[in-house]
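# Structural features, examined
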Amino acid sequence: RRAFTLVELLVAVAVIAVGMVFVLGALSRCMTALLTAQKMVTATSLINQKIWEIDLAHQQNNGSEEGAWGDVFAAPNEDFNWTQNVSGFAADFGNDTVLIQENLNEEVVKVVWKQARVLKDISVTRYVKRKKQE
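These notes cover the structure that comes with them.

Thresholds applied
Residues numbered from 1 in each chain as written. Predicted model: local features only at pLDDT ≥ 70, side-chain atom pairs only at ≥ 80, totals over all residues. Heavy atoms only, no water. Pairing = 2+ DSSP bridges. Helix = DSSP H or I, 4+ residues; strand = E, 2+ residues; numbered from the N terminus. Axes fitted to C-alpha atoms, helices over the stretch in contact; angles between N-to-C directions. Core = buried A, V, L, I, M, F, W, Y, C linked by side-chain atoms within 4.5 Å. Buried < 20%, exposed > 50% of the residue type's maximum accessible area, 1.4 Å probe, protein only. Contact = heavy atoms within 4.5 Å. Patch = residues over 30% accessible without salt bridge, like charges linked within 9 Å, V, L, I, M, F, W, Y side chains within 5 Å. Areas by Shrake-Rupley, 256 points an atom, 1.4 Å probe, with all protein chains shown as cover. Salt bridge = Lys/Arg side-chain N within 4 Å of Asp/Glu carboxyl O. Polar contact = N/O pair within 3.5 Å; in protein donor to acceptor, adjacent residues only side chain to side chain. Expected span 1.5 Å × (residues − 1).

Moving on: the sheet that holds strand E4 (residues 118–129). Read across the open sheet, the four strands follow the order E1-E2-E3-E4; overall the sheet is antiparallel. A strand with exactly one partner marks an edge of an open sheet, and here the two such strands are strand E1 (67–72) and E4. Geometrically, the sheet is characterised by an average inter-axis angle of 15 degrees between neighbouring strands, direction not taken into account. With six bridges connecting them, E1 and strand E2 (residues 80–88) associate as antiparallel partners. Looking at the pairing, Val 72 lines up with Asn 81 of E2.

Rendered as structure tokens:
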């Protein structure tokens, strides 16, 4: 009769086991990439929301003031923190520098989260109207 020998059966099981190790490793990397993408989409949405809130405050205050602010987002996004740093415009553009420095502030808004013992972040740097000193 024709049948598989025990050695052939053991070799087939070993090949399948090695293949499964590679498949499970790839699945693990896919899950990590999916989690990273999910966190990045959430962070992008949160930074967009925060910038809209900051823009509303700038409109109400007729410009931006220098300083630093930050906090944790409300539930269900308590794993994400935000910071806002507003400073004077320090770049040198030649003749136009004085006009720019008198009218603009540099604003950096950042959202930070922790993923697998690593801090990750997304930030937006923009130049906003400076609040006139009275």
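Turning our eyes to something else, we now look at the nonpolar core. Ranked by size, the top nonpolar core spans 12 residues in total: Ala 43, Leu 46, Ile 47, Ile 51, Ile 54, Phe 73, Phe 80, Trp 82, Val 109, Val 111, Trp 113 and Ile 122. It is helix H1 (residues 6–61) that contributes the most residues to this core, five residues altogether. Leave out the neighbours within four places in its chain, and Ala 43 touches Phe 80, Val 111, Trp 113 and Ile 122.

Let us look at the environment of Glu 53. Checked against the element boundaries, Glu 53 lands in helix H1. Remark: the alpha-carbon pair of Glu 53 and Asp 121, spanning 68 residues in sequence, is separated by 19 Å.

On to a nonpolar patch on the surface, then. On the surface, Ile 16, Met 20, Val 23, Leu 24, Leu 27, Met 31 and Leu 34 cluster together to form a nonpolar patch covering roughly 710 Å² of accessible area. Positionally, Val 23 belongs in helix H1.

In this fold, Gln 84 is placed in strand E2. Here Gln 84 falls in the buried class, since its relative accessible area comes to 7%. A polar side-chain atom of Gln 84 sits 2.7 Å from a polar atom in the side chain of Glu 107. The contact partners of Gln 84, leaving out residues within four places of it in the chain, are Ile 54, His 58, Gly 67, Ala 68, Trp 69, Glu 107, Val 108 and Val 109.

Right, let's get into H1. Compared with an ideal rise of 1.5 Å per residue, which puts 56 residues at 82 Å, H1 spans 82 Å between its outermost C-alpha atoms and is within 8% of the ideal. Every buried residue belonging to H1 is among Lys 39, Ala 43, Leu 46, Ile 47, Lys 50, Ile 51, Ile 54 and His 58, and all of these are buried.

By the bridge criterion, nine bridges tie E2 to strand E3 (residues 104–115) in an arrangement that is antiparallel. Bridging from a neighbouring strand, Ser 87 pairs with Glu 106 of E3. When E3 meets E4, the two strands line up antiparallel, connected through 12 bridges. Among the inter-strand pairings, Leu 104 is bridged to a residue of E4, identified as Lys 129. Counting the residues that bridge the hairpin from E3 to E4 gives two residues, and of these Ala 116 lies at a positive phi of roughly 55 degrees.

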